[in-house]
Amino acid sequence: MTGASRTDAGVHALGNVALFRTHARIPAEKIAFAVNTYLPPDIRVQESREAAPDFHPRFGALSKTYRYQIWNRPIPNPLVSRYSTFYYYPLDAEKMDRAAQCLAGRHDFSSFCTARADRPNHVRTIRSIRVVREGDMVTLWVSGDGFLYNMVRIIAGTLIAVGGGQMEESAVKEILEARDRGLAGDTARPEGLTLMEIRYPE
């Protein structure tokens, strides 16, 4: 089996894609139902279909979209705690959004990834990034052609530092240009991150 994306322990995936080959006689659209009978209740295949012979779920992807949610109020909410991280102090979502815009485009994201020997190239393209607040939930949306190990969580941790007043807006651009992981914020907790969508050519 070949997956489109790996996730850290505790991270969620709503729109992951996997490819496998089989000699089974089950119609392709029925395999999802068959597989789901063997999966634990927190994992479900949403759809199955036959793929083209040259399809690759990872290298054929046009973009991936992630969501990072932060429950921002003095008291945690257990009804959203599985899919968000909790932050006690007030966050300025507009300030976070302004600081994030320098990350859009094609850059070397060495400052925003955990070092790994199998990823010597740290250049990636972020197509869109925004931070919005809806009530007590602050949400980071980021879409790009690919992401480095812990990249979105480190971006989230850095923007939390900006929104909480521990870091200036201008510091994000300086951190990006420095290519130094030690200057960025903490790696945000995994439960707030969800892989939302992977897009492919029509």
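Criteria and thresholds
- Residues numbered from 1 in each chain as written.
- Predicted model: local features only at pLDDT ≥ 70, side-chain atom pairs only at ≥ 80, totals over all residues.
- Heavy atoms only, no water.
- Core = buried A, V, L, I, M, F, W, Y, C linked by side-chain atoms within 4.5 Å.
- Buried < 20%, exposed > 50% of the residue type's maximum accessible area, 1.4 Å probe, protein only.
- Helix = DSSP H or I, 4+ residues; strand = E, 2+ residues; numbered from the N terminus.
- Contact = heavy atoms within 4.5 Å.
- Salt bridge = Lys/Arg side-chain N within 4 Å of Asp/Glu carboxyl O.
- Patch = residues over 30% accessible without salt bridge, like charges linked within 9 Å, V, L, I, M, F, W, Y side chains within 5 Å.
- Areas by Shrake-Rupley, 256 points an atom, 1.4 Å probe, with all protein chains shown as cover.

A. Up close: the nonpolar core. Ranked by size, the top nonpolar core spans 44 residues in total, and within it Leu103, Phe112, Leu140, Ile155 and Leu159 carry the most contacts. Only strand 4 (63-72), helix 2 (93-100), strand 7 (123-134), strand 8 (137-144), helix 3 (151-163), helix 4 (170-178) and strand 9 (193-199) provide two or more residues apiece to this core. Ranked by residues supplied to this core, first place goes to helix 3 with nine residues. Once residues lying within four places of it in the same chain are set aside, the contact partners of Leu140 are Tyr66, Arg67, Tyr68, Ile129, Arg130, Val131, Val152, Ile155, Ala156 and Leu159.

B. Spotlight on the side chain of Asn150. Within the secondary structure, Asn150 sits in the loop between strand 8 and helix 3. Accessibility expressed as a relative area gives 13% for Asn150, which makes it buried. In this structure, Asn150 is in contact with Asp8, Phe112, Thr114 and Thr187, ignoring residues within four places of it in sequence.

C. Examining the pattern of salt bridges more closely. Scanning the entire structure with this criterion turns up seven salt bridges. Two residues, Glu47 and Arg49, come together in a salt bridge whose shortest N-O distance is 2.6 Å. Note on Arg49: relative accessible area 63%, which makes it exposed. Between Glu177 and Lys173 there is a salt bridge, with its nearest N and O atoms 2.4 Å apart. Here Glu177 pairs with Lys173, and both are found in helix 4, just four residues apart, close to one helical turn. The partly exposed category is assigned to Lys173, whose relative accessible area is 43%.

D. Inspection of a nonpolar patch on the surface at higher detail. Where nonpolar side chains cluster on the molecular surface, the patch consists of Phe86, Tyr88 and Tyr89 and spans about 350 Å² of accessible area. Tracing the backbone through its elements, the reader meets Tyr88 in the loop between strand 5 (85-87) and helix 2. What makes Tyr88 partly exposed here is its relative accessible area of 48%.

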